[in-house]
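# Geometric and topological summary
Here's the letter readout for the chains.
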Number of protein chains: 4
Amino acid sequence: MTRKIIIDTDPGIDDAAALAVALNDPQLDVLMLSTVAGNVNLSYTTENAKKILDFFAKDIPIAQGNRAPLLVEYEDASEIHGETGLNGYQFPVSKRVVLREHAVIAMKNKILQSAEKVTLVAIGPLTNLALLLNMYPEVKTKIAELIIMGGSTAGGNTNSAAEFNFKVDPHAAQIVLQSGVPLTIFGLNVTSRARLKLQDINQIKTFGRTGAMLYDLFSHYRGGDFAAGLMIHDLCTIVYLLQPELFTLQYTHVEVATTGPAAGTLIADLQNRYCKSANANLAVDIAAAEFADWVKAKFSELT
Amino acid sequence: MTRKIIIDTDPGIDDAAALAVALNDPQLDVLMLSTVAGNVNLSYTTENAKKILDFFAKDIPIAQGNRAPLLVEYEDASEIHGETGLNGYQFPVSKRVVLREHAVIAMKNKILQSAEKVTLVAIGPLTNLALLLNMYPEVKTKIAELIIMGGSTAGGNTNSAAEFNFKVDPHAAQIVLQSGVPLTIFGLNVTSRARLKLQDINQIKTFGRTGAMLYDLFSHYRGGDFAAGLMIHDLCTIVYLLQPELFTLQYTHVEVATTGPAAGTLIADLQNRYCKSANANLAVDIAAAEFADWVKAKFSELT
Amino acid sequence: MTRKIIIDTDPGIDDAAALAVALNDPQLDVLMLSTVAGNVNLSYTTENAKKILDFFAKDIPIAQGNRAPLLVEYEDASEIHGETGLNGYQFPVSKRVVLREHAVIAMKNKILQSAEKVTLVAIGPLTNLALLLNMYPEVKTKIAELIIMGGSTAGGNTNSAAEFNFKVDPHAAQIVLQSGVPLTIFGLNVTSRARLKLQDINQIKTFGRTGAMLYDLFSHYRGGDFAAGLMIHDLCTIVYLLQPELFTLQYTHVEVATTGPAAGTLIADLQNRYCKSANANLAVDIAAAEFADWVKAKFSELT
Amino acid sequence: MTRKIIIDTDPGIDDAAALAVALNDPQLDVLMLSTVAGNVNLSYTTENAKKILDFFAKDIPIAQGNRAPLLVEYEDASEIHGETGLNGYQFPVSKRVVLREHAVIAMKNKILQSAEKVTLVAIGPLTNLALLLNMYPEVKTKIAELIIMGGSTAGGNTNSAAEFNFKVDPHAAQIVLQSGVPLTIFGLNVTSRARLKLQDINQIKTFGRTGAMLYDLFSHYRGGDFAAGLMIHDLCTIVYLLQPELFTLQYTHVEVATTGPAAGTLIADLQNRYCKSANANLAVDIAAAEFADWVKAKFSELT
Ligand SMILES: [Ca+2]
Ligand SMILES: [Ca+2]
Ligand SMILES: [Ca+2]
Ligand SMILES: [Ca+2]
């Protein structure tokens, strides 16, 4: 049985890897993509998402979301992903047209129109998702699960405390975490162990045009290094959908600091020390070697 | 040449290990101990410090510090260290008398009276140190270095963000971090790798009365487990004084969140992304195997 | 020349008074009403707005906005306005139908479709306006002015610091204040002096069916007392549009606390002590007697 | 029966007026003065307090307190009180010697040595008092009452929200408010109505050397203007001790924001809306005319 999903994304190199798998797996029915300002600005992330859909020749609607976070000033991560977010590969300019509606409206419509519950996958800052859940609470009962790449229980990648996606829009993250929808969260504690090693990446290069494309992107990515292995954070969300047994989850209370020097920091009550009610399945472990094997096998299937 | 030091402590099992080394090394001249509420309450930490001084028959002054944090309500860690903080070993009741002055006053006096600069070692919540630096800024030029066990750049041990010593008194931590004195900080990212393994501990048991005492304490400690190794957090500060080359430090900007759900979380700008001026040497790596060897050798010398 | 306006409202008794004037003044062209959760919940505020449009037989579109604030839990003010918000008068049940779109979308469309710039009047919590300005920044250049009832420079009406509209959704207030659109703000420091006295109200009772309706509402209102005079906060925004010389404004920097015990508190740098750039015209004085006279005269014209 | 009091002060012109009354009233036994950084820096406030003691030839101990707030950077109010804090009158240089101990220690000793409970009067930032109550909780049962000038329920005098004494050290204010000692608080809502009018001040000028001194100080004070009347904030605390019936108090819950843009803002739950337990008697009204008369009469008695 296929699972209907919507992916909210800010491509971004690891987004590209996640989309490569998601768009091509028969178990996943991608209803639409939505874009958000994150790794690079909204114009770039939208163009990038269009190019990836073109690359895989997918006729899937795409909607443009928010240009900026809710309250804080936008900061990008172009020092990691390159100026355009996908600098490593020469995609043709896309003629694809985005939906007229803001991504929040488009998502709302797709969800309410779907006969089945929809799974949301959020692999950028949570601005669009926060707006969706806040403005249209009627979608909540139609959401099977919201799977997030964001946060960390083992230190951040902006400052030492906060992970990038949550730091870009901490208020959005907190709106989503307290929304009451079923949440599954992959933070840096797990995603930074979702690595491809030098030999993996060299092998991927040989996997046809998709492998070559990903190889070129990975070669320009500074989220790790070839020696220690590249961290393909966002890919965890899609792999979890297809191979959930690779991850260990803990149902726990999570929230996000919205102000002060730790803004954007995830706080998880992993030891149930503060007796707050659990609101998310938080990934706490990954079978890292099996993950890399599974991903490589998957990439080898893509043409 | 000996180094004059004052140790502010909340024994606590790892404090006991740190004190065992510090009190017996000829390179360190321990001018006084001060106690603070932390792992267990102030009455217990003071009794424990007295007992440790008795155990090693050291005629060193001891002063009692603050019974509670500056603003937040006190929470202990007796679930880790046992009700009294040193439950594992039967120390005789101590007849030792504490100084009449509050630890803050006693530290101030000791520092100002010392001909040489004094090194402060803080291995509990930073309440006393914050009061000292705030009330008596004239001591700052007499402080060679303030060496702290606290914070983390890789997740906390209370909730997933905040380390215990900083969480107990986040305002005190922030006062100390912004005080302008030379700081060296050992957070969980390093101290949780400062482990003794099962075979190490079993060996320590055979090292005479001190080894037996430490073995008994370690056997009641829940800061890790025998299989994975016990984390002797506080000991890093003393080992650093005696064997600094075991650690890698990074000079960086650090601060602490004082309010909100992330209160007590250290924020270090390790990538110099936010362009704030550096104010601390933060430990970022430890030669873990050499650390364990060095500690074992040290413990074997104690009678 | 008429001024095109959109009113975002949470009726509420003082909202009703503001709408009575706005809907009937030839200088104002009310393009639409939008409703928000505030004095009472969204269902009540929407029903109330419909009833007021019915009462004045106005064919003006009405859209329903957000059911809850962005991040904080919703608290109403039914202890001031009565359970339904307009308990004092028996309005017939309305058959009016609200627009299908969320108020944020409806406002965006109205603004972008208007040939002239539009003036927004916000007399409830700022949730809808914050969403509008955040999701659709392209409307900003089409907004002539955003006139707000909210905040205070002289103490609050929830706790002693925060005014109700800003307290209900402090994050929305801060989004609006930092949005860059031309802002004019009427806080409690001025609106609590916008009072109708006992004799005024008794006179209003005699002004035909509108006067009788307002009298009945005022009689159930606990925003002041008949002896000291009723505070008709929201009315200030509409009176300002028609008779701006009754108010003194100061162009100053304003922001809102979003977290902590002072959440929802307006902070205005009235003495330019903190050298932040001005972002709002803040009302600092009112010609209170002339205000009451003008309002009475206005009410006497309504049939 | 006389009341034993300690006054913690940052003179300051209104401090001088308060001290003039307190030092000369037979009902008050001033055990000591302590000084704090506030209106002007600690060196100035200490010199000023010495000069006032000299002026009245009082043999009362004086101790110097904290040079800076607990966490935030110190900001003075020299634009209100003049560079030295008492610029208007030429006091002779004082040869008086301050106590060797920090004010916090001196206060602690005085309180514990007193047979009777002591009343504390705090008319500057609360830094010293916070340190006292935090370091020496054993004094709490010996404190009859802590009377504070600080905060406001009707807008601030720094920005529009925060009063100066609480803004200078918001953390100290919060430590004191949550300390559990009996608190009586005079905020700007009342103290800004404690005014002396032009004719009052002109009369005071004629009251001998004390009147002439106060007149000279008032002439240099920018806390109001002669036409509208000078606000003698700090004096309320002393008048309350001697003539409590001039004030109306409400027992209520109070706290202070410590971070964010509203830092230093008092939050009082005057309507008991948030159901927190009361911890202070907060002044909510003053018999302003009687206050002025009483003060004038009092000043006329001083030689
Ligand atoms: Ca991403
Ligand atoms: Ca310790
Ligand atoms: Ca309203
Ligand atoms: Ca003062």
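Our subject is the structure that appears above.
These remarks concern the structure in this document.

Procedures and definitions
- Residue numbers restart at each chain and count upward from 1, following the sequence in its written direction.
- To label them, take the chains in the order written and letter them from A, then take the ligands in the order written and number them from 1.
- Local features in a predicted model are, by the rule used here, given only for residues with pLDDT of at least 70; side-chain atom pairs are given and counted only at 80 or more, and totals for whole chains, interfaces and linings are based on all residues.
- With hydrogens and water excluded, all non-hydrogen atoms of the structure serve as input to the side-chain values.
- Note on definitions: a residue-residue contact is assigned when non-hydrogen atoms from the two residues lie within 4.5 Å.
- Summed over both partners, buried area is the accessible surface (1.4 Å probe) that two parts give up on being assembled.
- For this document, the term salt bridge refers to a Lys or Arg side-chain nitrogen within 4 Å of an Asp or Glu carboxyl oxygen.
- Only residues with pLDDT of at least 70 in both copies contribute their C-alpha atoms to the least-squares superposition of the copies.
- Stacked, tilted and edge-to-face are the three classes assigned to paired rings of Phe, Tyr and Trp, where Trp is represented by its six-membered ring and a pair needs centres within 6.5 Å; plane angles under 30 degrees give stacked, over 60 edge-to-face, the rest tilted.
- Exposure categories follow from relative accessible area, calculated using a 1.4 Å probe and restricted to protein chains: below 20% of the type maximum is buried, above 50% is exposed, and the middle band is partly exposed.
- Going along the chain from the N terminus, every DSSP run of H or I of four or more residues is numbered as a helix, and every run of E of two or more is numbered as a strand.
- By the criterion adopted, a ring carries a charge over it if an Arg CZ or a Lys NZ lies within 6 Å of its centre and within 35 degrees of its normal.
- Counted as donors are the N, O and S atoms within 2.8 Å of the metal, or 3.2 Å for Na, K and Ca, while water is not among the atoms, so some sites may look incomplete.
- Any N or O atom pair separated by 3.5 Å or less is treated as a polar contact, with the protein-specific requirement of one donor-capable and one acceptor-capable atom, and with residues adjacent in sequence counted only for side-chain atom pairs.
- All residues other than Ala, Val, Leu, Ile, Met, Phe, Trp, Tyr, Cys, Pro, Asp, Glu, Lys and Arg, Gly among them, are scored as polar; the first ten of these are nonpolar and the last four charged.

In this assembly, 27 residues from chain A lie in contact with 27 residues from chain B. Summing both partners gives a buried area of about 2000 Å² for chain A against chain B, and 49% of it is carried by carbon and sulfur. Between the two partners, chain A and chain B, sit four salt bridges. One salt bridge connects Arg273(B) with Glu79(A), and the closest N-O pair in it is separated by 2.6 Å.

When chain A is fitted to chain B, the best match, at an RMSD of 0.0 Å, comes from turning it 180° and sliding it 0.1 Å along the axis. One copy is carried onto the other by what is essentially a two-fold rotation axis. The rotation axis passes nearest to the C-alpha of Ala154(A) in chain A, at a distance of 2.0 Å. The overlap is high: 100% of the interface residues of chain A also sit at the interface in chain B, so the same surface is used on both sides.

As enumerated under the stated definition, the model contains 32 aromatic pairs over all chains in all. Arranged with centres 4.9 Å apart and planes meeting at 80°, the rings of Phe55(A) and Phe56(A) form a pair that is edge-to-face. Classification of Phe55(A) as buried rests on a relative accessible area of 9%. By relative accessible area, which is 9% here, Phe56(A) ends up buried. Centroid distance Phe55(D) to Tyr89(D): 5.9 Å. Interplanar angle 80°. Geometry classified as edge-to-face. Taken together, the positions of Phe55(D) in helix H2 (residues 42-55) and Tyr89(D) in the loop between helix H3 (78-81) and helix H4 (103-113) put the pair 34 residues apart, joining distant regions of the chain. Aromatic rings pair up to connect Phe55(A), Phe56(A), Tyr89(A) and Phe91(A) into one cluster. The ring centre of Phe55(C) lies 3.9 Å from the NZ or CZ of Arg209(C), which sits over that ring. Taking NZ or CZ as reference, Lys108(D) lies 4.9 Å from the ring centre of Tyr136(D), over its face.

On to the coordination of the calcium ion (ligand 4). Residues and elements named next belong to chain D. Distances from the calcium ion (ligand 4) to its protein donors, Asp10 (OD), Asp15 (OD), Asp15 (OD), Ile123 (O) and Asp234 (OD), fall at 2.1 to 2.5 Å. Summarised as a motif, the one-chain spacing of the donors to the calcium ion (ligand 4) is D-x4-D-x107-I-x110-D. Remark: Ile123 occurs in the loop between strand S4 (118-122) and helix H5 (127-135) and Asp10 occurs in the loop between strand S1 (3-9) and helix H1 (13-24); sequence separation between them is 113 residues.

To continue, consider the coordination of the calcium ion (ligand 1). Under perfect tetrahedral coordination by four donors, a metal shows angles of 109.5 degrees; under perfect octahedral coordination by six donors, it shows angles of 90 or 180 degrees. Residues and elements named next belong to chain A. Around the calcium ion (ligand 1), the protein contributes the donor atoms Asp10 (OD), Asp15 (OD), Asp15 (OD), Ile123 (O) and Asp234 (OD), at 2.1 to 2.5 Å from the metal centre. Ordering the donors of the calcium ion (ligand 1) by residue number gives the pattern D-x4-D-x107-I-x110-D. Highlighted residues: Asp10 in the loop between strand S1 (3-9) and helix H1 (13-22) and Asp234 in the loop between strand S9 (229-231) and helix H11 (235-242), separated in sequence by 224 residues. On the basis of relative accessibility, which here comes to 2%, the residue Asp234 falls in the buried class.

This paragraph deals with the interface of chain C and chain A. On the side of chain A, 18 residues touch chain C, which itself brings 18 residues to the contact. Broken down residue by residue, the surface that chain C buries against chain A is led by Leu71(C), Asn134(C) and Met135(C), which jointly contribute 38%. Our count for the contact surface shared by chain C and chain A stands at nine residue pairs in polar contact (both at pLDDT 80 or more). Elements that contribute at least two residues to the side of chain C that touches chain A include exactly helix H4 (103-113), helix H5 (127-135) and helix H7 (170-177) of chain C. Of the residues assigned to the side of chain C that touches chain A, the class counts are ten nonpolar, eight polar and no charged.

Opposite charge on two side chains allows them to pair when their charged atoms are near. Scanning all chains against the criterion turns up 48 salt bridges over all chains. Measuring nitrogen to oxygen at the nearest pair gives 2.8 Å for the salt bridge that ties Lys4(B) to Asp29(B). Highlighted residues: Lys4(B) in strand S1 (residues 3-9) and Asp29(B) in strand S2 (residues 28-35), separated in sequence by 25 residues. Among the charged side chains, a network of salt bridges with common partners joins Glu75(A), Glu79(A), Lys167(A) and Arg273(B).

The values are spatial; any link to function lies outside them.
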